[in-house]
Amino acid sequence: MNYSDELKIVWVTPMRTATRTCGVLQKIYNFDISSQHGYSTKKDKLDYTLILNIRNPYSRLASLFRIFLHNNKSYSIDFESWIRGIIKKEFTNTDMLRGYEFYLDKIIDNIGKTPDYYVRVEFLEKDLKSLPFVKNGDIDLSGYFETQIYNNCYEKEFGDVNDWKLLYTQELADLVYFGMEKQFTLFNYNKDYWKDGTP
C-alpha cells in the first residue's frame, strides 16, 4: 500500500497496472511506498482518498502471462492453458502466482471502500492529469508523462513482441469475460476489446 499523510491519499497499484510509472509520480509527491503491489489499508487511513489503478482484464492477463514466463523461465505453458488454469482454479503451483491479484474487484471488497478515483492503464496520462493533487498542484511535471510512459511501455520492457490481442480466440475471450465479468461490469470495460481495440 502506498500512501501520503500530507495529501491524505492511499494509492493501490496492482501488478501490471502501470505500477512503475505511477511509482515515480508517487516519489515526486513524497508518498510512502511501503508495498508497491500491496493493498492492506491501515485503520488510521480508512478515511483517506482512495486511488486504484485498473486495466482491462484481457490485456492485463496477457501482460501477467508474459511477466509470469519471465519470472519462471523453466516453466513451459502456453497462454490458453495458463488462462484456463487461472479461471478454472486448476493452476497447480499457486506459489508462482502470489501477488498477481487477478480479480481487482476483490481488492475493493477487501479494502471495504469504493475508490474515489480510478487510474486506467488505457487512459493513463489523462487519468493521472485529472487527479486533483496533480491537476491543482504546483509541482513542475514537464517531461514526466512523455518520459515515464514511454520508458515503461510494453515494447521497452518485453522488446518487439506480437500484439497481445493475437493471443485470444473467441472461445478464450469468452472464458475470460464470463470468469471476470464482475470486473468488466464494475470498471465499464469493453467485452470485445480484444477484437476492436476499444477498452
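Reading the values: rules and limits
- Residues numbered from 1 in each chain as written.
- Predicted model: local features only at pLDDT ≥ 70, side-chain atom pairs only at ≥ 80, totals over all residues.
- Heavy atoms only, no water.
- Salt bridge = Lys/Arg side-chain N within 4 Å of Asp/Glu carboxyl O.
- Helix = DSSP H or I, 4+ residues; strand = E, 2+ residues; numbered from the N terminus.
- Buried < 20%, exposed > 50% of the residue type's maximum accessible area, 1.4 Å probe, protein only.
- Lys, Arg positive; Asp, Glu negative; His and termini not counted.
- Polar contact = N/O pair within 3.5 Å; in protein donor to acceptor, adjacent residues only side chain to side chain.
- Contact = heavy atoms within 4.5 Å.
- Pairing = 2+ DSSP bridges.

(A) A look at the pattern of salt bridges. For the structure on display, the rule yields 10 salt bridges. In this structure, Glu-80 and Arg-84 form a salt bridge, with 3.1 Å as the shortest nitrogen-oxygen distance. Of this pair, Glu-80 and Arg-84 are both found in helix H3 (residues 79-87), 4 residues apart, which corresponds to roughly one turn of the helix. The partly exposed category is assigned to Glu-80, whose relative accessible area is 35%.

(B) Structural context of the side chain of Arg-55. For Arg-55, the location among the structural elements is in the loop between strand E4 (49-54) and helix H2 (57-71). The side chain of Arg-55 is buried and forms no salt bridge, while Glu-122, the nearest opposite charge, is found at 5.0 Å. Among the polar contacts listed, one links the side chain of Arg-55 to the backbone oxygen of Arg-16, at a separation of 2.9 Å.

(C) Examining the side chain of Thr-13 more closely. Here Thr-13 shows up in the loop between strand E2 (9-12) and helix H1 (19-28). For Thr-13, a relative accessible area of 0% gives the class buried. Filtering out sequence-adjacent residues up to four positions away, Thr-13 remains in contact with Asn-2, Thr-19, Cys-22, Gln-26, Gln-36, His-37 and Asn-53.

(D) Structural view of the sheet that holds strand E3 (residues 32-33). A sheet is described by the order of its strands in space; here 5 strands give the open sequence E3-E1-E2-E4-E5, paired in mixed fashion. What marks the edges here is a single partner per strand, and that holds for E3 and strand E5 (117-120). Examined bridge by bridge, E4 and E5 share 4 bridges and lie parallel to one another. Bridged to Asn-53 within E5 is Val-119.

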